[in-house]
Amino acid sequence: MYIPMNEMLKHFKQDVPTMANITHKSEQWSPYHDNSGTVLAVGIPGAVIVAGDTRLSNGYNIMSRDATKLSQLTDKCVLATAGQYADFIALRKFLQQRLQLYEFQNEVQASTETVAHLLSRELYSRRFFPYYTFNLLAGLDENNHGFVYGYDAIGSYDKMTYGVQGSGQELVVAVLDNQLKGYNKINKTIPQTREEILDIILDCFSCAAERDIHTGDNVEILIITSAGTERLIKPLRKD
Amino acid sequence: MLKHLYDTDCVTWSPQGKLFQVEYAMEAVKQGSICLGLKSNENVVLCSLKRQPSELAGYQEKQFKIDDHMAIAIAGLTADARVLCKYMRTECLEYKYTYESHHPVGRLVYKVAEKSQHKTQSGAKRPYGVGLLVAGIDPNGVHLFETCPSGNYYEYKCQAIGSRSQAARTYFESWFHLFEKSTLEQLILHGLSAIKKAIMEDEELNEKNVEVGILGKNQKFTHLNAQELRDYIAKLDAFNPNSQIQQE
């Protein structure tokens, strides 16, 4: 009986993958890229300190050692964003424009609470194609007390005294819990002064840069007080 | 001239080639209180006289910021001015969003002029009853423009519009050759001197009825506050433009 070759081969098909029958499903294009990095913010009476590293990554590559993750929106508040850089830029542009319109209409700059709510609504407006951004909004409230609002990608937010976002989040937040709140500490000394807290923040970034490949190069720090904004840049590991 | 035969609406020409409705709109500008602008190589200054409807009321603001690099002073119907101000602000915001830079001044004035002209060519609309002095700074330089209800616009070295503005323009004609190289302080004093020529005999300049706005190449638009206004007004009597010539 004559059986055609392809019919024959069907009976001899291997289950075990060999070089002959491996097929790769090609990776579907994704609109999202994680440019990583770490941001954190701490609020104290009279000031708020926001910090972010300046490394922009794409996978295992570094795109820039000098890219800011911080954006001052009003005299009193700063947006710090980890995640996709393009979405950060788009979000920042929207907020800057919307807040200038607010200032024209209301003859006064928006309060930090107002900006916080505006950001939440903007993020939720993109519920079904989210901004790939993990935000912290740090600012002074009406009593000049520093607070941090932390967000997820679709706008859920909460008022906190300190927050961390980004690739080094897990590494850093535990350190801040211990240092700023005294969790799991035997001698519960809470830092009170700005200088102590700055030291802790710089240490946190050094730690994150040691273990997280996406964090490093420089850390940019903004200190917001009612007197104005101060900016510092400190170097971090470049590897 | 039997004006009333040809002045019912914008779509009727007079035999002399005039659109009376547009001319009447320009009258509304001449009825508004005076505002003037003057520029040097580095700065533009806007000065205006604010009117107080009654003793119980506040003073009507006449200068509005459009963007960091641009501001307007208005004469005429304030409500119409609000509409144009909102339009200009929106255009500047959109331009900044798209191009990450400041809206070129001449281009925005052109857009306002187009909008104004549109209102002069319809049976169902009326022209805007307000004239604007647009002060702005862009990479092309320092600018001062005037817009009219007719839809025309002109660029000036210095200009005054509103009631009794001719007195201020006469002052400008004598001294405008000094403005280009003037310092900011000299420019403000020239502006206030010009306004002083245009006030009534029994009126007096003070920090409540005068508004001064300044723009510079490295300076965003700001108003002078009450104390600064008092200081400048106090310097007016001693101000002698002749001494500026001797400096050069």
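Thresholds applied
- Residues numbered from 1 in each chain as written.
- Chains lettered and ligands numbered in written order.
- Predicted model: local features only at pLDDT ≥ 70, side-chain atom pairs only at ≥ 80, totals over all residues.
- Heavy atoms only, no water.
- Pairing = 2+ DSSP bridges.
- Helix = DSSP H or I, 4+ residues; strand = E, 2+ residues; numbered from the N terminus.
- Axes fitted to C-alpha atoms, helices over the stretch in contact; angles between N-to-C directions.
- Contact = heavy atoms within 4.5 Å.
- Parallel < 35°, antiparallel > 145°, perpendicular 65-115°, else oblique.
- Left-handed = near helix turned anticlockwise from the far one by under 90°.
- 1 Å grid on protein atoms, 1.4 Å probe; cavity = no way out; pocket = protein on both sides within 12 Å on 5 of 7 lines; lining within 4 Å.
- Points joined across faces, edges and corners; volume = space filled by probe spheres on them.
- Nonpolar A, V, L, I, M, F, W, Y, C, P; charged D, E, K, R; others polar.
- pLDDT = per-residue confidence, 0-100.

> Where do I start with the sheet that holds strand 10 (residues 162–166) of chain A in this structure?
Strand pairs in the sheet, formed through backbone hydrogen bonds, run parallel or antiparallel to each other. Residue and element names in this part refer to chain A. Within the open sheet, the five strands sit side by side as 10-1-2-11-12. Their pairing is antiparallel. In this open sheet, the two edge strands, each paired with only one partner strand, are strand 10 and strand 12 (228–235). Taking the axes of each pair of neighbouring strands and ignoring which way they run, one obtains an average angle of 15° across the sheet. Direction of pairing for strand 2 (residues 47–53) relative to strand 11 (residues 218–225): antiparallel, over a ladder of seven bridges. In the strand pairing of strand 11, Ile49 is matched with Ile223. This element, helix 4 (residues 169–181), spans strand 1 (38–44) and strand 10 of the sheet and lies at about 170° to strand 10. Contacting strand 1, strand 2, strand 11 and strand 12, helix 5 (residues 194–211) crosses the sheet at an angle of about 165° to strand 1.

> Before we go on, may I ask you to explain the sheet that holds strand 3 (residues 63–67) of chain B in this structure?
Residue and element names in this part refer to chain B. What the five strands build is an open sheet, ordered 3-4-5-6-7; its pairing is antiparallel. Every other strand in the sheet has two partners, leaving strand 3 and strand 7 (153–155) as the edge strands with one partner each. In this sheet, adjacent strand axes meet at a mean angle of 25° when their direction is disregarded. Across four bridges, the pairing between strand 3 and strand 4 (residues 70–76) is antiparallel. Residue Gln63 lies in a different strand from strand 4, and its bridge partner there is Ala73. Contacts from helix 2 (residues 78–99) reach strand 3, strand 4 and strand 5 (130–138) within the one sheet, and its direction differs from that of strand 3 by about 20°.

> Would you mind showing me how to read the packing of helix 4 of chain A against helix 5 of chain A here?
How two helices pack is summed up by the angle between their axes together with the distance between the axes. Residues and elements named next belong to chain A. It is at 9 Å that the axes of helix 4 and helix 5 come closest, and there the two elements cross at 150°. Judged by the inter-axis angle, helix 4 sits roughly antiparallel to helix 5. Helix 4 and helix 5 meet at a crossing whose hand is right-handed. Between helix 4, through Leu171, Val172, Val175, Leu176, Gln179 and Leu180, and helix 5, the contact on the second element is made entirely by Ile197, Ile200, Cys204, Ala208 and Arg211.

> Looking at this model, I keep getting lost on the layout of surface pockets. Mind explaining?
The rolling of a water-molecule-sized probe over the atoms marks out the regions of remaining empty space. Taken as a whole, the largest pocket spans an internal volume of roughly 1,200 Å³. Taken together, 37 residues form the lining of the largest pocket, with Gln100, Leu101, Glu103 and Phe104 of chain A together with Lys65 of chain B sitting closest to its centre. For the lining of the largest pocket, the secondary-structure elements that each account for two or more residues are helix 2 (85–106) of chain A together with strand 3, helix 2 and strand 10 (219–223) of chain B. Per-element accounting of the lining of the largest pocket gives the leading share, 10 residues, to helix 2 of chain A. Looking at the lining of the largest pocket residue by residue, the class counts come to 11 nonpolar, 12 polar and 14 charged.

> Can you walk me through the confidence of the model for chain B in this structure?
If pLDDT is low for a region, its predicted coordinates should not be looked at in detail. Overall, the prediction assigns chain B a mean pLDDT of 94, with 98% of residues at 70 or greater. Scored as a whole, the predicted complex attains pTM 0.86, and scored at its interfaces, ipTM 0.83.

> Would you take a moment to explain the packing of helix 5 (residues 184–198) of chain B against helix 6 (residues 226–235) of chain B for this structure?
Residue and element names in this part refer to chain B. Packing of helix 5 against helix 6 leaves a shortest axis separation of 10 Å and a crossing angle of 75°. Taken together, the axes of helix 5 and helix 6 are roughly perpendicular relative to one another. Contact residues: Glu185, Ile188, Leu189 and Leu192 in helix 5; Tyr232, Ile233 and Lys235 in helix 6.

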